[in-house]
Amino acid sequence: MTTKTVTNVWKLNEGEIRIPQTNHVIMMALFIGIGVVVGTFGSLAVPVGFVSAFWPGQAIQSVGCIWFGMWGGIASIVFPMISNAIAGSASIAVSLAYVPGNFLQGMMAGWAFRLFKCDPRLKGGKDWAVFTVFGVIICNAIGAGWGVMVLRMFGLISPSSTLTVFLGWAIGNAVPSFILGAILLKFVSPLILKSKSFCKKYWA
Amino acid sequence: MEGVHNKKMMKTLLALIPVKSPLYYFHPVTRLLLFIITGFIPLFINKPELNILFAALVMLLFIYSRVSLSSLKIYLPVIICAGIFTFLTFIFFPGDDSNNQAIGHLFSITIYDRPIMDACIAYSKILALLLSSIFYFSTNRERDILAALRTLKVPFVVSYVLGLSLRSAGMFLEDLHTVREAEQARGLDYSAMKFTEKVKLYSMYIIPLLSLALRRSDEISNALFVKGYAIKGSGKRADYILSKYNFTVVDIISCIALILLLILIVYFKYSYHLFDSDQSIFRYFLK
């Protein structure tokens, strides 16, 4: 019979000092690049104007914040601005207005995984539950809520369609973000945890 | 377009453009400012005809810059789908405004004038903003964006991260191409795969690509360390890229004109309601 040992990946080892390094900045830049490609693909694959109905980039945001903390949070802000501009799915003004929503949409999962001491490799039921609730459902609800509010503010959707657009946005983004996010966490986390770029705290 | 292809072309982030494009008489800062200003102007205009005119002007800029227009074909589905989506949301969710007047029917759904007018306003804005955004990325390379940011004295770490991000998007696609070629060399036949298998395969591509990015981040940070760069400033260094661009009188005049244009539009909008939809010719058509 084998016994399953639960390891806390967020706990600092004795004498371990973690400070932000060049490596974190570079990984963030590369991660932004990955997010740009995934986000642009999503925006071009299901083009519905400024509304987001299928955007796998959200998985990149959640997973990035789980692995890289605040560096992932910064990437969550920057890459949608670039991918929106390249895909033509939002202008610079609209993208700037999305910034708080994008940050929260990404950081929610990073914060929850650190708070509840979950394993990014999704080893147990708790890890799956926290990822599903905070990394998929709540963060997409926040992102969709903020996004719809911005579109209302700029007069780009009809006032009476707010709830429908919100539900379409939240559910439409939740599906790819769950699938891609789970794949990333399950298969790539073991590599990331061993790397220098992994952040046990928010900045290092 | 034959004439365009005969000239020496240069690849920008989205398109091909002649090296001698007239747009390159302008400094990257002027082009960046054009991108920012044109990203705001349509939001202040509620007359669809003016936004359509704005979009037409951007198309003229494409022609002036000699951008290969065939590269814009990829955006045609975006333009069409965005239009359909925008109009459908306003048709299906017209709201309960008592001033709404029925102007027709679509499959037993009554179409009202005001929601359609609002849809025209929203779509004309989306169209104008979309084209102006595509224009910037069709006419500028990463290098131009970096030159603009460095001229504006943006901190090194910010311009470096942005430049590397844009470059890494291209590297990511190259890696994807390499992985796909390796799969084909091992006998993978995409045409024989079911749709669900293809979706699964595409999701799994992210694993080797992230592994490569991880390795690359170590290599790049080591290379920066060896060259003496640090995140918190590494002293003043000579900038080769900036030596290739001159900020001329034409740029100064253009920048002032662009800023003035935005200020005037904002002023006339809020002081004289000049760009409100009340006097739009679209409203007369809908009546």
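Everything below is about the structure printed above this text.
To keep things clear, this report deals only with the structure shown in the data block. (Residues numbered from 1 in each chain as written. Chains lettered and ligands numbered in written order. Predicted model: local features only at pLDDT ≥ 70, side-chain atom pairs only at ≥ 80, totals over all residues. Heavy atoms only, no water.)

### Points about the layout of surface pockets
Computed from the structure, the largest pocket encloses a volume of approximately 1,700 Å³. If you trace the largest pocket, you find 47 residues lining it, with Val37(A), Val38(A), Ala169(B), Phe172(B) and Leu173(B) closest to the centre. Every element with two or more residues in the lining of the largest pocket is listed here: helix H1 (22-45) and helix H6 (162-194) of chain A together with helix H7 (142-151), helix H8 (156-185), helix H9 (195-204) and helix H10 (206-226) of chain B. Split by residue class, the lining of the largest pocket holds 32 nonpolar, 7 polar and 8 charged. (1 Å grid on protein atoms, 1.4 Å probe; cavity = no way out; pocket = protein on both sides within 12 Å on 5 of 7 lines; lining within 4 Å. Points joined across faces, edges and corners; volume = space filled by probe spheres on them. Helix = DSSP H or I, 4+ residues; strand = E, 2+ residues; numbered from the N terminus. Nonpolar A, V, L, I, M, F, W, Y, C, P; charged D, E, K, R; others polar.)

### Regarding the pairing of strand E3 (residues 102-106) of chain B
Residues and elements named next belong to chain B. Two elements, E3 and strand E4 (residues 109-112), share 4 bridges in a ladder whose sense is antiparallel. Opposite His105, over in E4, you have Thr110 as the bridge partner. If you look at the hairpin formed by E3 and E4, you'll find 2 residues sitting between the two strands, and Phe107 has a positive phi there, around 45 degrees. (Pairing = 2+ DSSP bridges.)

### Describing the nonpolar core
Core analysis: the biggest nonpolar cluster contains 130 residues, and Trp67(A), Phe113(A), Leu184(A) and Ile206(B) have the highest contact counts within it. Broken down by element, this core gets its largest block of residues, 13 residues, from helix H6 (residues 113-139) of chain B. Residues within four places of Leu184(A) in sequence aside, it is in contact with Ile60(A), Val63(A), Trp67(A), Ser189(A), Ile206(B) and Leu210(B). Formed by 7 residues, the second largest nonpolar core is a distinct cluster that contains Ile91(B), Ile111(B), Cys120(B) and Leu286(B). (Core = buried A, V, L, I, M, F, W, Y, C linked by side-chain atoms within 4.5 Å. Buried < 20%, exposed > 50% of the residue type's maximum accessible area, 1.4 Å probe, protein only. Contact = heavy atoms within 4.5 Å.)

### What to know about the packing of aromatic side chains
As enumerated under the stated definition, the model contains 22 aromatic pairs over all chains in all. Taking 5.4 Å as the distance between ring centres and 35 degrees as the angle between the ring planes, the aromatic pair formed by Trp10(A) and Phe198(A) counts as tilted. Of this pair, Trp10(A) sits in the segment before H1 while Phe198(A) sits in the segment after H6; the two residues are 188 residues apart in sequence, bridging distant segments of the chain. With a relative accessible area of 6%, Trp10(A) lands in the buried category. On the numbers, 4.5 Å between centres and 20 degrees between planes, the contact of Phe35(B) with Tyr136(B) is stacked. Placement of the pair is Phe35(B) in helix H2 (residues 28-38) and Tyr136(B) in helix H6, with a sequence separation of 101 residues. With respect to class, Phe35(B) is no different from Tyr136(B); both count as buried. Site record: aromatic cluster; members linked through ring pairs are Phe31(A), Trp67(A) and Phe68(A). Across from the ring centre of Tyr190(B), 4.4 Å away, lies the NZ or CZ of Arg180(B), which sits over that ring. Between the NZ or CZ atom of Lys269(B) and the centre of the ring of Tyr270(B), over which it lies, the distance is 5.5 Å. (Phe/Tyr/Trp six-rings, centres within 6.5 Å; stacked < 30°, edge-to-face > 60°. Lys NZ or Arg CZ within 6 Å of the ring centre and 35° of its normal.)

### Observations regarding the side chain of Ser277(B)
With respect to the helices and strands, the residue Ser277(B) is situated in the loop between helix H11 (249-272) and helix H12 (281-286). Among the residues examined, Ser277(B) registers a relative accessible area of 10% and is labelled buried.

### Focus on the packing of H1(A) against helix H3 (residues 70-87) of chain A
Residue and element names in this part refer to chain A. At a closest axis distance of 8 Å, the pairing of H1 and H3 adopts a crossing angle of 40 degrees. Here H1 lies oblique to H3, going by the angle between them. Crossing hand, H1 versus H3: right-handed. Touching His24, Val25, Met28, Phe31, Ile32, Gly35, Val36, Gly39, Thr40, Ser43 and Leu44 of H1 are Trp71, Ile74, Ala75, Val78, Phe79, Ile82, Ser83, Asn84, Ile86 and Ala87, all from H3. Here the contact of H1 with H3 is built from residues that sort into 14 nonpolar, 7 polar and no charged. (Axes fitted to C-alpha atoms, helices over the stretch in contact; angles between N-to-C directions. Parallel < 35°, antiparallel > 145°, perpendicular 65-115°, else oblique. Left-handed = near helix turned anticlockwise from the far one by under 90°.)

### Quick word on the pattern of salt bridges
Counted according to the given criterion, the structure contains 9 salt bridges over all chains. Ionic pairing is found between Arg121(A) and Asp119(A), a salt bridge with its closest N-O pair at 2.8 Å. The same class applies to Arg121(A) as to Asp119(A), namely buried. In this structure, the salt-bridge partner of Asp175(B) is Arg216(B), at a minimum N-O distance of 3.0 Å. (Salt bridge = Lys/Arg side-chain N within 4 Å of Asp/Glu carboxyl O.)

### A short note on the side chain of Ser133(B)
Along the chain, Ser133(B) falls in helix H6. According to the relative accessible area criterion, Ser133(B) is buried, its value standing at 4%. Setting aside its immediate chain neighbours within four residues, Ser133(B) contacts Ala85(A) and Phe35(B).

### Some details on helix H2 (residues 57-68) of chain A
Here H2(A) contains 12 residues, and its C-alpha end-to-end distance of 16 Å stays within 8% of the 16 Å for a straight helix at 1.5 Å per residue. For H2(A), every residue scored as buried is listed here: Gly57(A), Gln58(A), Ala59(A), Ile60(A), Gln61(A), Ser62(A), Val63(A), Gly64(A), Cys65(A), Ile66(A), Trp67(A) and Phe68(A). Packed against the buried residues of H2(A) are H1, H3, helix H4 (92-115), helix H5 (125-153) and H6 of chain A together with H10 of chain B. Just past H2(A), the residue Gly69(A) takes up positive phi, approximately 55 degrees. (Expected span 1.5 Å × (residues − 1).)

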